[in-house]
Amino acid sequence: MLQSVLHAAGIQSARIEALWWVMFWVTTAVTLVVLALVVVAVRRGLAADAMDVTERSSLRRVAVGTVLTAVILLGLIGGSVITSRALASQRSADALMIEVTAYQWWWAVEYQHPEPEQRVRTANELHIPVGKTVAIKLLANDVIHSFWVPALHGKLDAIPGHEATLWLRADQAGVYRGQCAEYCGHQHAHMAFVVIAEPPDVFERWIQAQRQTAHAPATEQEQRGLHLVQRTACVMCHTIRGTAAGGRIAPDLTHFASRSTIGAGTRPRTREYLDQWIKDPQAIKPGNRMPTLGLSDADRSAIVAYLEQLR
Amino acid sequence: MKTLLAIAVLMTAIGCDRERRDFKLPNGEQLTSSTRLTSLQPGAPSTSGMKESPLEDNAYALSEGKRLYSAYNCVGCHAKGGGAIGPALMDHRWIYGSRPEQIYATIIQGRPNGMPAFGGRIPDQQVWQLVAYVQSMSGAVSQYAAPSRDDDMKVFKPENRREPPQPPVQTGHR
Amino acid sequence: MSRAPVIELPLTDEMLSRQSRELARTWAPARGIIGFFSEVDHKRIGMRFILTALAFFVLGGVLAALMRLQLAFPENTLIGPDLYNQLFTMHGTTMMFLFAVPVMEGLGLYFTPLLVGARTIALPRLAAFGYWIFLAGGVFLYVSFLLNIGPDNGWFSYVPLAGPEFGPGKRADTWAQLITFTEVASLVGAIVTIVTIFKYRRPGMTLDRVPMFAWAELVTSFMIIFAMPAVMLASTTLILDRLVGTHFFNQAEGGDPILYQHLFWFFGHPEVYLIFLPAQGLMSTLIQAFSSRPIVGYVWLVTALVATAFMGFGLWVHHMFTVGLPQNGSSFFTAASMMIAIPSGVQIFCWIATMWTGRVRLEPPMLFALGYFVIFIIGGMTGIMVASVPVDLQLHDTYFVVAHLHYVLIGGAVFPLFGALYYWFPKMTGRMPNRRLGMISFWLLFIGFNLTFFPMHQLGMIGMPRRVYTYLPGLGWETLNLAATAGAITMAIGALTLTVNAVYALRRGEAAAANPWQASTLEWSTSSPPPPHNFSPERVIASRDPLWDDPPGQPIVVGVRSDKREVLVTRLLDAEPDHRYHSPEPSIWPFVTAMATTFMLIWSIFSPWALVWGSIPPAIAMIFWFWPRGRSIDDETHPPEKGRPQLEAATGPA
């Protein structure tokens, strides 16, 4: 998964990366020139027996250096303003609207739609169509967080009481990792998410699948898992649409098995990691909101079996 | 120099109870199943293990209890402590007892006329956090540990500015 | 304004040495335990500041080493999230508030009177109070840390995370109150410095002859006065929200978390210039001394300092580029943040010109000054990058910024600081440090620093955010983090070598002459270490570099008593004598006031009534402190008449 500023896969991050390279080369050149001057000055100073150059001509050279500095800086300021304008120009009226709410320490994702029943709720993973502008409206549920997927755009803070919108567009299909970039408490380090950019038809199929209610359990163990999910602590926090689980304070699990990570990017979603997670989430992500439950091994296996089939 | 180090080690060992952040109870076992609804029992009465509230003076636990109070929808019946469908929790009138283990039992076992039994649904540590928070609503915990105002519209005095309780009074049902 | 007449007075060597002995007796520090707490000698107070700040530097470094050990491997379990969050908060708070500003203040307290040729600092009891408050604040912070009440929300302590709902307990209040302690100490130091430089200069030291470090301290002191109130507001409103339930930062009741950020960063950005500007003065000092020629472009350098100070107040929003503020406003701050590179550039070019036209000697202090060029310039370049809004949108709150800030702060302030401490070590202690150890420690620090922080540029570019206690494997961050940890260990060894050098020199170093580096400023005209009264005789200044350019046989200032603690107060612009002033004797009341204030401030974390009842002991202590001393000794001589200066300068032995 790419989480790099230097591997831009979208138009916004490409604009920023271009500006960065210009700044990189300019500043590298300036650094080398100035350090060369320092080296030469020291060597002359080491070799000198007496002062030779007058103060006036020294000051003239200082003035020249200063003017050059100012000119270079003005150029960089201009480049920066141009890029800022370009970033702001990405707004579009027919963008795909996604509302992302940052919680301690996970991301609630809701795809907007004029008809409420067409809206899709998921968590910690976004799918977006390649080539289409996406508007991500950022909200914060508790403290300040920051939504940052470096391959696609710079970051934007999610501040409680404020709404802010990030406009981006992916130009290459791929899987891009993002991470919270504003210190938000104990598990700021494990508050990641994934953005999957895919061809528009693949995206349509995905979102249609997400609109369905939860996949019904088939085997006896899976049925027992559903029974347990509804009978123990899971229902207090999680939603699984189509079952009795309607809690709203934790990630939506309706299509849990279609996602790639557990615990907001903390572990890959495999059966083994899921088992470890349910057994003791506090050992993997200490301080996070999911308590350690003390379920029996048999109960836990049934729940894992049920969750693993929620594609 | 050595005395300084010794004092430093001692202070770290003592720590400050109020500021501990425990992410799980040490014994591990969390969920409890529902227990007896009544204290009536045949034969000689046995004093069941009176549990002290382990988290009463812990600021982190009180803060978590406050968060869970909204998250688990206690506000739905008890409002923010003033009561609506359910009785008020910030006064000194208690139907089923004001001691921590009695509040614990109330939450775990449920009560007639609408209080659900949360035993088996909420792990033990979180129940004790809720117990501690409920105690703080009537001003019964240390003001230095009790939560202050929340980042919401002001509807009540923060818990750390509530008066110490009058002696709790047993009332019947409303 | 007529100049003081030069009269012919027969001053013999014998008279001068008798006066010198009398001065030493008059200005001798108080003795014993009470004397220790009553100290008003600026050199001893300055030394206490420096040593205490360096002790906090070591503590902050230990915290950083622990952080680096935790981050050496992915998903490391050495330190859990709660402790790690406390560690990085304590590291930042210690370095910014308990080390960087106080150590510059300490150097200023020690050397400002020596640089301007005064017998002591202005307002010495206030300076003493400042030290005790600083010490109390630092001890308070670390005691809290050991008791698990140490702050854990970052050195900037943003709301709502540090607010009443999400910051349970008293941890954030500890941070906020530490701010109060250190900000009072800084304000006090600033006031003392300004008065000393404006009013205590030796006759003949006009403003354009004031040494560069004194100029830097003066400009910094003015910045402190304008910057500190903002952080005072931020920390006070934070405590009010938490303790009393006000709604400054509660958006549901009309407050705003962004207000906190503005208040904090309006202070926070000038804060880094508070650290950086004195170091610029130190650089000028070192470059001049070790190029054996007066600094090129004195007026330009002073102007650059002043320009940096003014512009430094117009940059603060560059810490908030990702908050979603309007684009045009943010672009203004991009422009300002880039333009502030211009005064820095002027200074760098002037220093290069000085070395170019001088006779360079590669002693350890000069190596540290050269290290500045490499490190600070790289830091400045990355600063230009993050000054741009679009680039900052990617790089904010990543390890790229960690790299940038350490390059500018360590390169721009700590390296000149170590160079200056080495340079002034003979003056302060009377011993020469070991040259070999000095060289070794420089190279260890230089290599270790770059090994630690250069990889962090790359780490930020490939996605590693700040303030994370661990990271996942497979993201390509492992090797760079391991390299950074190795560099941190190297830096620690370098710092240890510096310490060993200092201790060794104190015990076995060769005795230092008055001017071992053949430098030009006034502190080198007196013994190493200076006597309690700093100078005897005090000659009128005639040039910017008195020890190089003043003609021999300059008039000696007479007429200031040596049997009482008297100082000569001069006029602001041209340092003409104005009047004599009785400088305070050692007094226990600054210490008592500081302890009473400490008690009040700690109590106020727990109850607002502390401000009422707790203010009574400091008030009582201050009554004793300020109690008038009775008839002034000035009344014994003729009172000042307008236009007739009280003093004459006399010629004496050259």
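Not measured: the values here are computed from a predicted model.

S.K.: Can you walk me through the overall build of chain B in this structure?
M.R.: Each helix and strand in chain B was counted, giving five helices and two strands. When the helices and strands of chain B are placed in sequence order, the string is α-α-α-β-α-α-β. Within chain B, the fraction of its 174 residues that count as buried is 36%.

S.K.: Please explain the overall build of chain C as it appears in this structure.
M.R.: When its secondary structure is counted, chain C shows 20 helices and five strands. On C-alpha atoms alone, chain C measures out to a radius of gyration of 25 Å, which is about the 26 Å that the 2.2 N^0.38 rule sets for 654 residues. Overall, chain C is about 85 × 60 × 50 Å in size when its C-alpha atoms are taken along their principal axes. Split into buried and exposed, the 654 residues of chain C put 61% on the buried side.

S.K.: Before we go on, may I ask you to explain the environment of C:M205 in this structure?
M.R.: Residue and element names in this part refer to chain C. Relative to the assigned elements, M205 resides in the loop between helix 6 (171–199) and helix 7 (212–243). Exposure remark for M205: the 27 C-beta atoms within 10 Å place this residue in the buried category. M205 sits 21 residues away from F226 along the chain, and the two C-alpha atoms are 27 Å apart. With residues near it in sequence (within four places) discarded, M205 still touches V116, G117, V210, I541 and A575.

S.K.: What is the right way to read the sheet that holds strand 1 (residues 96–103) of chain A from this model?
M.R.: Backbone hydrogen bonds hold the strands of a sheet together, and the pairing may be parallel or antiparallel. Residue and element names in this part refer to chain A. Overall, mixed pairing links the five strands, which are arranged 3-2-1-5-8 in an open sheet. Two strands close off the open sheet at either side, each with one partner strand: strand 3 (120–123) and strand 8 (164–169). Averaged over neighbouring strand pairs, the angle between their axes works out to 25 degrees when direction is ignored. The pairing of strand 2 (residues 106–111) with strand 3 spans four bridges and is classified as antiparallel. When the bridges of strand 3 are listed, A108 appears paired with A123.

S.K.: Even after reading the chapter, I still don't get the sheet that holds strand 9 (residues 174–179) of chain A, so can you show me in this structure?
M.R.: Residue and element names in this part refer to chain A. The three strands lie next to each other as 4-10-9, forming an open sheet whose pairing is mixed. Edge positions in the sheet fall to strand 4 (125–129) and strand 9, since each has one partner strand and no second. Direction aside, the axes of adjacent strands within the sheet are offset by 25 degrees on average. When strand 4 meets strand 10 (residues 192–198), the two strands line up parallel, connected through five bridges. For I128, the partnering residue across the bridge sits in strand 10 and is A197. Helix 3 (residues 200–211) rests against strand 4 and strand 10 of the sheet, and its axis sits at about 135 degrees to strand 4.

S.K.: How should the nonpolar core be read in this particular structure?
M.R.: Nonpolar side chains in soluble globular proteins tend to be buried together. Residues C:L286 and C:C350 are the most contacted members of the largest nonpolar core, which totals 273 residues. Element by element, the count of residues in this core is highest for helix 14 (residues 399–429) of chain C, at 21 residues. Once residues within four sequence positions are removed from consideration, C:C350 is found in contact with A:V62, C:I295, C:V296, C:G297, C:W300 and C:L301.

S.K.: Just to check I follow, could you spell out the environment of C:G345 for this structure?
M.R.: Structurally, C:G345 can be placed in helix 11 (residues 341–356). For C:G345, the contacting residues outside a window of four places in its chain are A:G65, A:T66 and A:T69.

S.K.: How should the interface of chain B and chain C be read in this particular structure?
M.R.: Accessible area lost on assembly of the parts is the figure often given for the size of an interface. Contacts between the two partners involve 24 residues from chain B, matched on the other side by 20 residues from chain C. Mapped by element, the contributors of at least two residues to the side of chain B that touches chain C are helix 1 (2–14) and helix 2 (59–71) of chain B. Ranked by residues supplied to the side of chain B that touches chain C, first place goes to helix 2 of chain B with four residues. Of the residues belonging to the side of chain B that touches chain C, the class tally is ten nonpolar, four polar and ten charged.

S.K.: Got a minute to help me understand the interface of chain A and chain C in this structure?
M.R.: Facing 69 residues of chain A, the contacting portion of chain C comprises 69 residues. Considering every element that reaches the side of chain A that touches chain C, the biggest residue donor is helix 2 (residues 55–88) of chain A, with 18 residues.

S.K.: Please explain the pairing of strand 3 (residues 566–570) of chain C as it appears in this structure.
M.R.: Moving residue by residue along a regular strand, the side chains alternate between the two faces of the sheet. Residue and element names in this part refer to chain C. Looking at chain direction, strand 3 and strand 4 (residues 577–582) are connected through five bridges and run antiparallel. Each residue of the ladder has a partner; that of T570, found in strand 4, is P577. Adjacent in sequence and paired antiparallel, strand 3 and strand 4 are bridged by six residues, among which A575 carries a positive phi angle near 55 degrees.

S.K.: What's the story with the packing of helix 8 (residues 257–291) of chain C against helix 11 of chain C in this structure? I'm lost.
M.R.: Helices that pack against each other are described as a pair by the angle of their axes relative to one another and the distance between those axes. Residue and element names in this part refer to chain C. Two elements in contact, helix 8 and helix 11, have axes whose closest approach is 9 Å; the angle formed by their N-to-C orientations is 10 degrees. Compared by their axis directions, helix 8 and helix 11 come out roughly parallel. In this structure, helix 8 meets helix 11 at a crossing whose hand is left-handed. Contacts between helix 8 and helix 11 involve Q280, M283, I287, Q288 and S291 on the former and, on the latter, Q347, W351, T354 and M355. For the contact of helix 8 with helix 11, the residue count by class is four nonpolar, five polar and no charged.

S.K.: For this particular structure, what's the right way to read helix 8 of chain C?
M.R.: At 3.6 residues per turn, the α-helix brings residues three or four places apart onto the same side. All names here are of chain C. With 35 residues, helix 8 should reach 51 Å at 1.5 Å per residue; the first-to-last C-alpha distance of 51 Å fits that figure. At W265, helix 8 shows its largest bend, some 30 degrees. Across the 35 residues that make up helix 8, a large majority, 32, are buried. Two residues or fewer past helix 8, S292 is found with a positive phi of approximately 55 degrees.

S.K.: What's the story with the confidence of the model for chain C in this structure? I'm lost.
M.R.: The predicted structure's coordinates, where accompanied by low pLDDT, should not be read in detail. Residues and elements named next belong to chain C. Mean pLDDT for chain C: 92, with 95% of residues reaching 70 or above. Ignoring residues within four places in sequence, the model shows residues 638–647, a span with pLDDT below 50, making 13 contacts including any to other chains. Across the whole predicted complex the pTM is 0.93, and at the interface the ipTM reaches 0.95.

S.K.: Any chance you could explain unusual backbone geometry here in plain terms?
M.R.: Comment: phi is negative for the bulk of residues other than glycine, and the bulk of peptide bonds are trans. For the bond from C:S528 to C:P529, the omega torsion is -10 degrees, close enough to zero to count as cis. Omega for the bond connecting C:S536 with C:P537 falls within 30 degrees of zero, at 0 degrees, which places this linkage in the cis form. Within the fold, C:P537 resides in the loop between helix 16 (478–508) and helix 17 (546–549). Non-glycine residue B:N73 carries a positive phi angle of around 65 degrees. Within the secondary structure layout, B:N73 lies in the loop between helix 2 and helix 3 (75–78). Overall, the presence of 15 C-beta atoms within 10 Å leaves B:N73 in the partly exposed class.

S.K.: Would you explain the confidence of the model for chain B in this entry?
M.R.: Residue and element names in this part refer to chain B. For chain B, the average pLDDT comes to 82, and 81% of its residues sit at 70 or higher. Element-level pLDDT for chain B is lowest in helix 1, with a mean of 77, against a maximum mean of 95 in helix 2. Contacts for the low-pLDDT stretch residues 33–37, under 50 throughout, to residues beyond four places or in other chains number eleven contacts.

S.K.: How should the packing of helix 8 of chain C against helix 12 (residues 364–387) of chain C be read in this particular structure?
M.R.: All names here are of chain C. Running from N to C, helix 8 and helix 12 point in directions that differ by 125 degrees, and their axes come no closer than 10 Å. By the angle between their directions, the pair helix 8 and helix 12 is classed as oblique. Two packed elements cross with a definite hand, and for helix 8 against helix 12 that hand is left-handed. Listed contacts from helix 12 to M283, L286, I287 and F290 of helix 8 are P365, M366, A369 and Y372. Counted by class, the contact of helix 8 with helix 12 contains eight nonpolar, no polar and no charged residues.

S.K.: What am I meant to see in the pairing of strand 5 (residues 133–140) of chain A here?
M.R.: Residue and element names in this part refer to chain A. Residues V134, I136, L138 and A140 point to one face of strand 5 and are all buried, whereas T133, A135, K137 and L139, pointing to the other face, are not buried. Inspection of the sheet shows strand 1 paired to strand 5 by seven bridges, in the parallel sense. By the bridge assignment, T101 is partnered in strand 5 with L139. The pairing of strand 5 with strand 8 spans six bridges and is classified as antiparallel. Its bridge partner lying in strand 8, K137 is registered against T165.

S.K.: For this particular structure, what's the right way to read the environment of C:Q288?
M.R.: Residue and element names in this part refer to chain C. On the secondary structure map, Q288 appears in helix 8. For Q288, a count of 26 C-beta atoms within 10 Å puts it in the buried group. Taking the C-alpha atoms as reference, Q288 lies 8.2 Å from W351; in sequence the two are 63 residues apart. Not counting chain neighbours up to four residues away, the residues in contact with Q288 comprise P294, I295, T354 and S520.

Basis of the calculations
- Residues numbered from 1 in each chain as written.
- Chains lettered and ligands numbered in written order.
- Predicted model: local features only at pLDDT ≥ 70, side-chain atom pairs only at ≥ 80, totals over all residues.
- Helix = DSSP H or I, 4+ residues; strand = E, 2+ residues; numbered from the N terminus.
- Buried ≥ 20, exposed ≤ 12 C-beta atoms within 10 Å, placed from the backbone.
- Rg over C-alpha atoms; globule rule 2.2 N^0.38 Å.
- Contact = placed C-beta atoms within 7 Å.
- Pairing = 2+ DSSP bridges.
- Axes fitted to C-alpha atoms, helices over the stretch in contact; angles between N-to-C directions.
- Core = buried A, V, L, I, M, F, W, Y, C linked by C-beta atoms within 7 Å.
- Nonpolar A, V, L, I, M, F, W, Y, C, P; charged D, E, K, R; others polar.
- Parallel < 35°, antiparallel > 145°, perpendicular 65-115°, else oblique.
- Left-handed = near helix turned anticlockwise from the far one by under 90°.
- Expected span 1.5 Å × (residues − 1).
- Bend = angle between axes of the 7 residues up to and from the residue.
- pLDDT = per-residue confidence, 0-100.

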